[in-house]
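Read off the chains here:
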Amino acid sequence: MRVVVTRPAAEAAQWQHELHARGFDAIALPLIDIQPIADASALQQCWARIDSYRAAMFVSANAVRGFFAAKLGRASFTPRAWATGPGTHNALLAAGVAASQIDCPAEEALRFDSESLWESIQAQCHQGGRVLIVRGGEGRDWLEQRLAEKGVAVEAVAAYSRQRPHWTHHERAVAASAADSAWILSSSEAIANLQALLPGQRWDGASAVATHPRIAQAARDAGFGVVCESRPSMPEVIAALESLG
């Protein structure tokens, strides 16, 4: 089976390698380009007042890496660290955050998102607390609304930027030739970028493994012929791919 991995470049390379090892003809076509932010001053200001936050919520592993790259000197990360899923959790561990300091949805959770995280951390949220949300540019405000309802002050900071990739003519041709392949989709934004990069391309002959219900719906809206939902772990994505035949 030919499989297209659409995660950002660094993650796509790892997924491509693991899928090759399991016998898939995997190609990497990143649909989101991750770039460092041009001015890290806002991140450094957050580090300067890190002790004032009850918790810091990281939307992704890229958010963790971008935030800790801006760390000031020997500053210690003192708040609780909230992670939406295992990838973010692992990035926090790699950054030196203690496992006992991290809150994350249960490993057996059906989804890894803000809603699932909220079930784990809402008991920590009290009137007058402060929470930092570390993300890439603009993001969903669902968690911010829940925190505000609890009387928690929320501050958001961008630790990286997400951009539409600039595909070469060859990459466009490879993508078009994969219109009958299986695509692993981990972002609704990635699907929008694919439509912008290949306007008019039909996807009814392609299948998609989507790692969240919102992404699955975006894939259906984009015209993918078969859409299968999966948790974002490698074993479960592989099982979903195998179910596609």
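Structure: above.
Residues numbered from 1 in each chain as written. Predicted model: local features only at pLDDT ≥ 70, side-chain atom pairs only at ≥ 80, totals over all residues. Heavy atoms only, no water.

**Student:** Would you mind showing me how to read the state of the cysteines here?
**Tutor:** Two cysteines whose sulfur atoms are joined by a covalent bond form what is called a disulfide. Summed over the entire model, instances satisfying the criterion amount to zero disulfides. Of all cysteine sulfurs, the one in C125 lies closest to C46, which takes part in no disulfide; the gap is 18 Å. By relative accessible area, C46 is classed as buried at 1%. C125 supplies the cysteine sulfur nearest to C104, a cysteine that is in no disulfide, at a spacing of 15 Å. (Disulfide = S-S within 2.5 Å. Buried < 20%, exposed > 50% of the residue type's maximum accessible area, 1.4 Å probe, protein only.)

**Student:** Would you explain the pattern of salt bridges in this entry?
**Tutor:** Two side chains with opposite charge may pair up if their charged atoms get near one another. Per the counting criterion, the structure on display carries 13 salt bridges. Ionic pairing is found between R49 and E155, a salt bridge with its closest N-O pair at 2.6 Å. With R49 in the loop between α2 (41–48) and β4 (55–58) and E155 in strand β8 (residues 153–163), this residue pair connects regions lying 106 residues apart in the sequence. Its relative accessible area of 31% is what places R49 among the partly exposed residues. The partner of D204 in a salt bridge is R202, and the shortest N-O contact between them spans 2.9 Å. (Salt bridge = Lys/Arg side-chain N within 4 Å of Asp/Glu carboxyl O. Helix = DSSP H or I, 4+ residues; strand = E, 2+ residues; numbered from the N terminus.)

**Student:** What is the right way to read the sheet that holds strand β7 (residues 130–136) from this model?
**Tutor:** The sheet built from six strands is open, its strands ordered β3-β8-β7-β4-β5-β6 with mixed pairing. With one partner strand each, in any of the chains shown, β3 (33–35) and β6 (102–103) form the two edges of the open sheet. Bridge count between strand β5 (residues 80–83) and β6: two bridges; the pairing is parallel. Its bridge partner being in β6, A81 is matched across the sheet by I102. Here helix α3 (residues 61–69) sits on the sheet in contact with β3, β4, β7 and β8, set at roughly 100° to β8. Against the sheet, helix α4 (residues 86–94) engages β4, β5 and β6, with an angle of about 145° to β5. (Pairing = 2+ DSSP bridges. Contact = heavy atoms within 4.5 Å. Axes fitted to C-alpha atoms, helices over the stretch in contact; angles between N-to-C directions.)

**Student:** For this particular structure, what's the right way to read the sheet that holds strand β2 (residues 25–28)?
**Tutor:** Strand pairing in a sheet relies on backbone hydrogen bonds. The paired strands run either parallel or antiparallel. Across the sheet, five strands lie side by side as β2-β1-β9-β10-β11; this open sheet has parallel pairing. Both edges of this open sheet fall to β2 and β11 (226–229), since each of them pairs with a single strand only. Strand-to-strand, the axes of this sheet are offset by a mean angle of 25°, without reference to chain direction. Of the strand pairs in this sheet, strand β1 (residues 2–5) and β2 are connected by four bridges, and their pairing is parallel. For V5, the partnering residue across the bridge sits in β2 and is A28. Along the sheet, helix α1 (residues 9–21) makes contact with β1, β2 and β9 (182–185), crossing β2 at roughly 170°.

**Student:** Looking at this structure, I do not really get the environment of V134. What am I missing?
**Tutor:** When you line up the elements, V134 lands in strand β7. Sequence separation between V134 and I238 is 104 residues; the distance between their C-alpha atoms is 30 Å. Leaving out residues up to four positions away in the same chain, V134 has contacts with M57, F58, V59, A63, F67, V157 and A159.

Bear in mind that shape data such as this cannot, by itself, settle questions of function.
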